[in-house]
Amino acid sequence: MNTLPPDPDPVPPTPPTASQRVIAAFERITEANRPELWTTLRAVEDVLVDAKAVDERVKAGEDLPLAGTVLATGDLIDVAKQPSGRRVPETSATVVTRLTSAGAVVLGKTGTGTIASAWDRTKVGGGGAAVAVALGIVDLALGTGGAVPAALNAVAAVKPTRGLLPMTGVHASDGVSVYAAGLVAARRALALATGPDGVDPATRTWPADVRLGTGEHPRIAFPVDLPLGEAASIAFRSVLARLRAAGAVLEPVTCSAHGPEGYDALVVPTVPDHPGITEALADPSGVGHRLASCTAFANLLDVAAVTVPVLPGDRRPFGVTFLTRAFEDQIGLDLATVCTDEPMTPYPEPGEDVVVFGAHLRGQPLNAVLTGLGARFTGPVRTIEGYRMVLLGTEPPQPGVLPGGASLDGERWRLSPAAFERFAATLEEPFVLDRVELDDGTAPLAIRCFTAEGPGLDRYESWRGYVRFASTAGPRDPG
């Protein structure tokens, strides 16, 4: 029988060049007709000059992770040659320079006055940075307005631990927030902007023992004493239900002002309701205080904050904010993906990856050793065809991974430097930490053996496969 060959896989669309993205941004500005967003909007000719320079760098072979990205900044963040209050700075803020060096192009500077929401012009929207992101004018924005503008426009905002972003060229005491349509884009920009610049004396570095993960059942506190409107209350309950279904252990607290102390995180509704723009114009101070009532206390604490909409694609202005202890930014980012359904992506704090194949796997007896050290599960892995397992007489039972001719399934975990040292100290003979080759081309450290004796497990490609066999077949020859 004659059969037609299968259709080829669709070719992914070519991402826009920086110049094409800038042209699309100015077209979107015209369509949106929101001139009140901008305190300074650069001339299209000037922005295109920057964009064409990015395109030339890409053609020359440079790796620019933000090429094709359009950026806006808040009015209190310096951009070279652009008005900043009564000044016209010669240089950009460090955070801006780092993003433009990675290929982003600055479109303009946004205001912080009473601005209407991106989705309902009869409602208040907070600062222009979040509105510009929500309208699709820019891909990223840097602002000083914190969580509230993100919630009012259903975008993501990440405000890292104080001191991780240098404040050189930033004229605000509350820190910088990164606004984006989703967490992946915000986290990428945050990673590029993080780190001391040698100028700001208040910058901080990661502690050697920072926790990167919480295990499969994080303890999350949530407030029960906030005066929420009906819509905000319904939205917040839906988030709690999603977290509970994902395995979180939720604990009510009557005072959120203590932050996440004693818990893996504190989750709060970002705003209590959504005031109209008319009310906000008539009483800007009163409305501002009301909108900040759920999260303002966090400005007094040493915490990291991640704000996301209630559901993927949800335009309701009742997002939630995850607060974690200082430097535990990764934990907040990972928990927030429960709401966004985005992949968990790493914030590049220092650490070491370790691959495990046996009793340290999730759900296995020794996994608590990893989670107790604050290790973060980063995903399943598979080795090249070069290994085999034997059953060791340890308690609990564990496999010894030796050179061989098969591929093995395992898991990759990331530990902080201090946690890695403590974990290595828990390994007893015949176990060692040595590199294995994975099918993705990387060669991380893994728990394996140089020599070990025991029944071969050659019929199994994973320790879990053997455990399933042993649980159903009982004590029999595993080979």
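What counts, and where the lines are drawn
- Residues numbered from 1 in each chain as written.
- Predicted model: local features only at pLDDT ≥ 70, side-chain atom pairs only at ≥ 80, totals over all residues.
- Heavy atoms only, no water.
- Axes fitted to C-alpha atoms, helices over the stretch in contact; angles between N-to-C directions.
- Helix = DSSP H or I, 4+ residues; strand = E, 2+ residues; numbered from the N terminus.
- Parallel < 35°, antiparallel > 145°, perpendicular 65-115°, else oblique.
- Contact = heavy atoms within 4.5 Å.
- Nonpolar A, V, L, I, M, F, W, Y, C, P; charged D, E, K, R; others polar.
- pLDDT = per-residue confidence, 0-100.
- Buried < 20%, exposed > 50% of the residue type's maximum accessible area, 1.4 Å probe, protein only.
- Pairing = 2+ DSSP bridges.
- Expected span 1.5 Å × (residues − 1).
- Left-handed = near helix turned anticlockwise from the far one by under 90°.
- Arc of directions from axis to C-beta.
- Phe/Tyr/Trp six-rings, centres within 6.5 Å; stacked < 30°, edge-to-face > 60°.
- Lys NZ or Arg CZ within 6 Å of the ring centre and 35° of its normal.

Draft legend 1. Spotlight on the packing of helix H1 (residues 18–32) against helix H2 (residues 44–59). Direction vectors running N to C along H1 and H2 enclose 155 degrees, while the axes themselves pass 7 Å from each other. Here H1 lies roughly antiparallel to H2, going by the angle between them. Seen from H1, the contacting residues are Ala18, Ser19, Val22, Ile23 and Phe26; seen from H2, they are Val44, Val47, Leu48, Ala51, Lys52, Val54 and Asp55. Its residues assigned to classes, the contact of H1 with H2 shows nine nonpolar, one polar and two charged.

Draft legend 2. Examining the confidence of the model for the protein more closely. Considering every residue of the protein, the mean pLDDT works out to 92; 96% of them sit at 70 or more. Of all helices and strands in the protein, the one with the weakest mean pLDDT is helix H13 (residues 463–473) (86), whereas helix H3 (residues 94–101) scores best (98).

Draft legend 3. Up close: unusual backbone geometry. Residue proline 396 follows glutamate 395 across a cis peptide bond; omega there is 0 degrees. As for its placement among the helices and strands, proline 396 is situated in the loop between strand E16 (387–392) and strand E17 (398–403). The omega angle of the peptide bond from glutamate 429 to proline 430 is 10 degrees, so this bond is cis rather than trans. Among the structural elements, proline 430 can be located in the loop between helix H12 (417–426) and strand E19 (431–435).

Draft legend 4. How the structure looks around the pairing of E17. For E17, the tally of buried residues reaches five of six residues, placing the bulk of the element in the interior. Of the pairings in the sheet, the one linking E16 to E17 comprises six bridges and is antiparallel in character. Bridge pairing in E17 places leucine 391 opposite proline 399. Counting the residues that bridge the hairpin from E16 to E17 gives five residues.

Draft legend 5. Region of the structure containing the sheet that holds strand E14 (residues 352–356). Pairing within the open sheet is mixed, and its five strands lie in the order E15-E18-E14-E20-E19. Of all the strands in the sheet, just strand E15 (376–382) and E19 have a single pairing partner and so form its edges. Between one strand axis and the next, the sheet turns through 35 degrees on average, direction left out of account. As paired elements, E19 and strand E20 (residues 445–449) share five bridges and run antiparallel to each other. Within E20, the position partnered with arginine 435 by the bridge is leucine 445. Here H12 sits on the sheet in contact with E14, strand E18 (409–415), E19 and E20, set at roughly 130 degrees to E18.

Draft legend 6. Representation of helix H7 (residues 230–245). Taking 1.5 Å of rise per residue, the 16 residues of H7 would be expected to cover 22 Å, and the 23 Å separating its terminal C-alpha atoms lies within 8% of that figure. Where H7 is buried, its residues touch strand E9 (219–223), strand E10 (249–253), strand E11 (265–269), strand E13 (320–325) and helix H10 (329–340). The positive-phi residue at the C-terminal boundary of H7 is glycine 247, with phi of around 105 degrees.

Draft legend 7. Structural view of the packing of H3 against helix H6 (residues 183–193). Close contact between H3 and H6 brings their axes to 8 Å; oriented N to C, the two are set at 110 degrees. Between H3 and H6, the angle falls in the class roughly perpendicular. Crossing of H3 against H6: the hand is right-handed. Residues Val95, Arg98 and Leu99 of H3 pack against Ala189, Leu192 and Ala193 of H6.

Draft legend 8. Up close: the side chain of threonine 69. Along the polypeptide, threonine 69 turns up in the loop between H2 and strand E2 (70–74). Residue class for threonine 69 comes out buried when judged on its relative accessible area of 13%. Contact partners of threonine 69, with chain neighbours within four places excluded, come to Gly103, Ala104, Val105, Asp139 and Leu140.

Draft legend 9. Focus on the pairing of E11. Across the five residues of E11, five count as buried, placing the element largely inside the fold. Neither face of E11 is left uncovered, since the one carrying Ala265, Val267 and Pro269 and the one carrying Leu266 and Val268 both have all their residues buried. Here two bridges tie E9 to E11, and the two strands are oriented parallel to one another. Residue pairing across strands places alanine 221 opposite leucine 266, the latter belonging to E11. Bridge count for E11 against E13 is four bridges, and the pairing is antiparallel. Paired with proline 269 across the bridge in E13 is valine 320.

Draft legend 10. Summary view of H1. For H1, built from 15 residues, the straight-helix expectation of 21 Å at 1.5 Å per residue is met to within 8% by its first-to-last C-alpha distance of 21 Å. Residues of H1 that are buried include every one of Ala18, Ser19, Arg21, Val22, Ala25, Phe26, Ile29 and Ala32, and no others. Considered in projection along H1, the buried side chains sweep an arc of 165 degrees and stay on one side of the axis. For H1, exposure combined with an orientation more than 90 degrees from the buried face picks out Thr30 and Glu31. For H1, the elements touching its buried residues are strand E1 (38–41), H2, E2 and strand E3 (105–110). Where H1 terminates, the next one or two residues include asparagine 33, which has phi positive at roughly 55 degrees.

Draft legend 11. Region of the structure containing the packing of aromatic side chains. For the structure on display, the rule yields seven aromatic pairs. Ring geometry for tryptophan 206 and tyrosine 347: centres 5.2 Å apart, planes at 85 degrees, overall edge-to-face. Taken together, the positions of tryptophan 206 in the loop between H6 and E9 and tyrosine 347 in the loop between H10 and E14 put the pair 141 residues apart, joining distant regions of the chain. Given a relative accessible area of 16%, tryptophan 206 falls into the buried group. With relative accessibility at 1%, the residue tyrosine 347 sits in the buried group. Arranged with centres 5.2 Å apart and planes meeting at 40 degrees, the rings of tryptophan 463 and tyrosine 466 form a pair that is tilted. Note that tryptophan 463 and tyrosine 466 are positioned in helix H13 at a spacing of three residues, about one turn of the helix. Judged by relative accessible area, which is 3%, tryptophan 463 ranks as buried. By relative accessible area, tyrosine 466 is classed as buried at 12%. Of the aromatic side chains, those joined through ring pairs into one cluster are Tyr460, Trp463, Tyr466 and Phe469. The residue whose ring lies beneath arginine 362 is phenylalanine 377, and the NZ or CZ to ring-centre distance is 3.8 Å.

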